[in-house]
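Here is how the chains run, residue by residue.
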Amino acid sequence: MKVMFVSLGCDKNLVDTENMLGILNDRGFTFTDDEMEAEVIAVNTCCFIHDAKQESINTILEMAEHKKDGKCKILIVTGCLAHRYQDEITKEIPEVDAFIGTSSYDKIADVIEAVLDGRTYNSIEDTDRLPLVRSKRVVTTGGYYEYLKIAEGCDKHCTYCIIPKIRGNYRSYPMDYLVEQAEALVANGAKELILVAQETTVYGTDIYGKKALPELLHKLGQIEDLKWIRILYCYPEEITKELVHAIKTLPKVCHYLDIPIQHGSDSILKRMGRRTNSKELRDMVHYLRQEIPDIALRTTLITGFPGESEQDFEQLKEFVEELRFDRLGVFTYSREEDTPAAAMEEQVPEEVAEKRRDEIMQIQQKIAFEKTAAQIGRALEVMVEGALPEDGVYITRTYMDAPEVDGYVFVATDWNLMSGDFLNVKITGADEYDLIGEVIEE
């Protein structure tokens, strides 16, 4: 049977999708990108915030139409929305044949075969289950970079976040399993591995009794053909001297950290259930830059959280202006049912949250433009991401740039290059968030 997947939401969801594709490939299924040709359509959903939830619902409705107009016989909903809203979807979208929860994606082939046999098989299982997939992942990123999910779930319980209820408690994947997965991805052509989880910094605490991310980095760094290792989603209060030392000294680990901090006001951080205050955040950023002067720091913020006063917002602006993050994204607060924040008083009007978001982004835009301009004259190693053939230009990334969320370096050359190739360039210009470079002849 021909299967089509629609993967929505975060990079962790993408890993689940690629694992499901690998399982189905082993069981003899084939794949298509044409929804009119697909006999099975699976939508891997997200419901982290309202917009993601709405996108997931709209996609399911759109795919449901192909049970009437196309060849689709089976429609499956997987992921976070399936786990959280199975009863509602069953009632409102009867075209859905089966549901697979966040910890049951390894059952995808069994679910399809059960539906074909006329049996009901909804695999919404205990969120504390940890799927260990041995099938070869079917990569969808192009193969030269890949995400390696090192853990499931989260124990932090921030007051705005529904993830612990959907994805369960924090569960680390065994280190040997991760190394095996990483070796397979590199053997398949991956030059960069991007470590992801709801939180990467506490990797190993549940199964090894200690923070084992530095040890994992050491082991991954021994994979011969791997070039870059990038770390995302590091909670600042969990960053240790051992981790900083590993980033500083291991040659394959990019001098790049994503540290979601969410706010710069102590009162809002406390209401969010975060475990740091603004001084500790400042100290951590200064420490990272002192130890690793060329480190690129990315963060995310939330505006409009319940109770955010003008004074809180002024403190956030001062925080952003002072710390000058290399990359920064801002979300407006999304009121999610079944979270403590949803029941808080002093909900901030959406238009106020949006205005504050835009104001922060204007501050960050100036910082970002100054930082890109400061790169002019610097020699950097870049990885080829793609090309603009009509312009004779290659699209590349530096160690400072995660795929899809950060900037690019545009390099004009008549060299014949492939995605995943590395070359050395000199930065000759800056265009807002992106850079322009020329090849350093070697």
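Residues numbered from 1 in each chain as written. Predicted model: local features only at pLDDT ≥ 70, side-chain atom pairs only at ≥ 80, totals over all residues. Heavy atoms only, no water.

### Focus on the sheet that holds strand β3 (residues 40-45)
For clarity, the cut-off: At least two bridges found by DSSP between two strands are what make those strands a pair. By the criteria applied, helices consist of DSSP H or I runs no shorter than four residues and strands consist of E runs no shorter than two, each listed in order from the N terminus. By definition in these notes, contact holds between two residues if any of their heavy atoms fall within 4.5 Å. Helix axes are fitted to C-alpha atoms over the stretch in contact, other axes to C-alpha atoms as well, and angles between N-to-C directions run from 0 to 180 degrees.
As summarised here, the arrangement of the five strands in space is β2-β1-β3-β4-β5, forming an open sheet in which the pairing is parallel. The open sheet is flanked by β2 (30-31) and β5 (98-100), the only strands paired with a single partner. Pairing of strand β4 (residues 74-79) with β5, which is carried by three bridges, proceeds in the parallel orientation. Bridge pairing in β5 places I76 opposite A98. The strands that helix α4 (residues 80-92) touches are β3, β4 and β5; relative to β4, the one it contacts most, it runs at about 130 degrees. Across the face of the sheet, helix α5 (residues 108-116) comes into contact with β1 (2-7), β3, β4 and β5 while running at roughly 150 degrees to β4.

### Notes on empty space enclosed by the protein
Stated formally: In this analysis a 1.4 Å probe is tested at points of a 1 Å grid over the protein atoms alone, and where it fits but cannot get out there is a cavity; an open set with protein on both sides within 12 Å along at least five of seven lines is a pocket; lining residues have an atom within 4 Å of a point. Grid points are joined across faces, edges and corners, and a volume is the space filled by probe spheres set on the points. When residues are grouped by polarity, Ala, Val, Leu, Ile, Met, Phe, Trp, Tyr, Cys and Pro land in nonpolar, Asp, Glu, Lys and Arg in charged, and all others, Gly among them, in polar.
Enumeration according to the criterion identifies two cavities of 30 Å³ or more in this entry. Here the largest cavity defines a volume of roughly 80 Å³. As for the largest cavity, its lining consists of V15, N19, Y105, P131, R137, L148, K149, Y173, Y177, L178 and Q181. When residues of the lining of the largest cavity are traced back to their parent elements, those giving at least two are α1 (11-26), β6 (145-149) and α7 (175-187). A breakdown of the residues in the lining of the largest cavity according to their chemical character gives seven nonpolar, two polar and two charged. Space inside the second largest cavity adds up to approximately 40 Å³. In this structure, the second largest cavity is lined by K156, C158, Y235, E237, G273, R274, R275 and T276. Looking at the lining of the second largest cavity residue by residue, the class counts come to two nonpolar, two polar and four charged.

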